[in-house]
Amino acid sequence: MTVWGLAARQLHDRYWLSRGVQVVRPGAGPDPRGPGAFLLLRSDQAVLCGARPLLKRLTWLGCPTLCVRLVDRSEAMYRERVVSSPDGVFARIERTYADRQGNTDRIGVTMDPRAAALWASMEPGFETWALMRRRGGWARGAVWKTDGRLFDLASPRRQSDMLASLVEEWREPARVIPDIYQWKTGVWVHESARLDPAARVVGPAWVGAGARVSAGQELIGPVILRDARPTPEADIDWEALRLPSFPLLPQVRSKLSRRVSKRAFDVLMSVAVLLLTLPLYPLIMLAIYLEDGRPFFFGHRRQTLGGREFPCWKFRTMIKDAERLKAQLALQNQADGPQFFIERDPRLLRCGHWLRRFQFDELPQFWNVLLGHMSVVGPRPSPDKENQFCPAWREARLSVRPGITGLWQVRRTRLPETDFQEWIRYDLEYVQHQSWRLDLWIILQTVRKIFAG
């Protein structure tokens, strides 16, 4: 059984990956595209503990590899867990008593790719730390003891225990697992699942691919609805994992501080961009005039905070009767949902192609940013008729200013029948996880896409 196309061990390894650590096991080497910190585990071993203390200790000791003795005290007295039926309905509460001393086991932590590759070369079942020391020549003093959770993935019961712990501890699985979104606080849902608005779901909860939660059904977390249909293993987006940390940025935590600092950045950047690009305006206007006359600008009614409308300005890139021709081209629409997209749109002016190619057509939107209608980064600005397609999505995206660029613009795939779903997913993801780190990453990716073509 899987959740989001991943088995228990894969979910555990993705959990560590979301914390900047690759899990390395015998027979499975580290991925060169991934993080440079490695957790060395046996084939059926799973652990949950703080990643930062391990890495700090490794750095402080200055050793190539740290051998950690992990002590699991979580079951020293007893442990309770909620037992649910296969369809997620509460069945009973189960209490398990265990040894008062707790379990212990050893794991390894390293930032040396050679050590990680050496551990991966071990034969499963015969890996020993003594052999690692002999082959790697490490000092015996690089040992540390700390508390954590230990799980034997060969045991179905311990697999279930590990997954129950993951559901409670893992706050942002979407960072390393695509095609999922946060339906409500603590409730992570695969985009192919269907949750009736009348259903009662109390997180933490995971809803797998193809699962259904009908009206009147109750799910009380921690709970997992496994995949109801075969789902391929979700690929890792290594590029997204390489989000820059920007350590010199101030930590903006409160909503008020975030709004004030974001607005200050928007004003400064819009003034700078308008001043720097002002010499381009006469050239762009001349190109539009020579091909199709006036007007030079096109203002479409869009919605901003709270649903207020504003004219979203762009350089005109289409012929004058483009809206009339749109109805005739409806059958050629390549986008799903309320959008309209044709790869080679016949309504485009010749100069419109290169204006869109370098996104020069959106330069006047910095005037909208200066006036407070928009932000540099945010959800795509949309008219009222598009926002009505999904009420929950509408309320979320209209809780922030729309942006010139955003997460959807830099991550969409344009695959058939997926564009609208991606639009909803990335808008919700941005609203839920907006931060300076994410904003600056989106800006960098936008610049990269412009010059990469």
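Source: prediction; values computed, not measured. (Residues numbered from 1 in each chain as written. Predicted model: local features only at pLDDT ≥ 70, side-chain atom pairs only at ≥ 80, totals over all residues. Heavy atoms only, no water.)

## A few points about the nonpolar core
The tendency in soluble globular proteins is for nonpolar side chains to be buried as a group. One finds Leu11, Trp16, Leu39, Leu166, Ile177 and Trp206 to be the most contacted residues of the largest nonpolar core, which totals 44 residues. Setting aside residues no more than four positions away along its own chain, leucine 39 makes contact with Trp16, Val21, Gln22, Val23, Val24, Val47, Ile107, Gly108 and Val109. Listed in part, the 34 residues of the second largest apolar core include Phe296, Leu355, Phe366 and Ile404. (Core = buried A, V, L, I, M, F, W, Y, C linked by side-chain atoms within 4.5 Å. Buried < 20%, exposed > 50% of the residue type's maximum accessible area, 1.4 Å probe, protein only. Contact = heavy atoms within 4.5 Å.)

## Thoughts on the environment of proline 311
The residue proline 311 is located in strand E19 (residues 309-315) in this model. Assessed through its relative accessible area of 22%, proline 311 is described here as partly exposed. Taking the C-alpha atoms as reference points, proline 311 and histidine 300, separated by 11 residues in sequence, lie 5.3 Å from one another. In contact with proline 311, not counting residues within four places along its chain, are His300, Arg301 and Asn368. (Helix = DSSP H or I, 4+ residues; strand = E, 2+ residues; numbered from the N terminus.)

## Here's the deal with helix H10 (residues 350-357)
What H10 keeps buried is the set Cys351, Gly352 and Leu355. The arc that holds every buried residue of H10, seen down its axis, measures 100°, which confines them to one face. Looking at the buried side of H10, the elements it contacts are helix H8 (280-292). Once H10 ends, the next one or two residues include glutamine 359, with phi positive near 60°. (Arc of directions from axis to C-beta.)

## Comments concerning the sheet that holds strand E1 (residues 22-24)
Strand order in the open sheet formed by 5 strands is E1-E2-E7-E4-E8, and the pairing between neighbours is mixed. The open sheet has two edge strands, E1 and strand E8 (143-147), and neither has a second partner. Strand-to-strand twist in this sheet, taken as the mean axis angle between neighbours without regard to direction, amounts to 30°. Here 8 bridges tie strand E4 (residues 65-72) to strand E7 (residues 103-110), and the two strands are oriented antiparallel to one another. In the sheet register, arginine 69 faces E7, and the bridge partner there is arginine 106. Running at roughly 140° to E4, helix H2 (residues 51-61) makes contact with E4, E7 and E8 of the sheet. Where helix H3 (residues 113-120) meets the sheet, it contacts E1, strand E2 (38-40), E4 and E7, and its direction lies at approximately 30° from that of E2. (Pairing = 2+ DSSP bridges. Axes fitted to C-alpha atoms, helices over the stretch in contact; angles between N-to-C directions.)

## Quick look at the pattern of salt bridges
Per the counting criterion, the structure on display carries 15 salt bridges. A salt bridge links aspartate 439 to lysine 262; the shortest N-O distance between them is 3.0 Å. Taken together, the residues aspartate 439 in helix H16 (residues 436-452) and lysine 262 in helix H7 (residues 255-277) connect sequence positions 177 residues apart. Salt-bridge contacts for arginine 380 lead to glutamate 386; the nearest nitrogen and oxygen are separated by 3.2 Å. Given the relative accessible area of 9%, glutamate 386 is considered buried. (Salt bridge = Lys/Arg side-chain N within 4 Å of Asp/Glu carboxyl O.)

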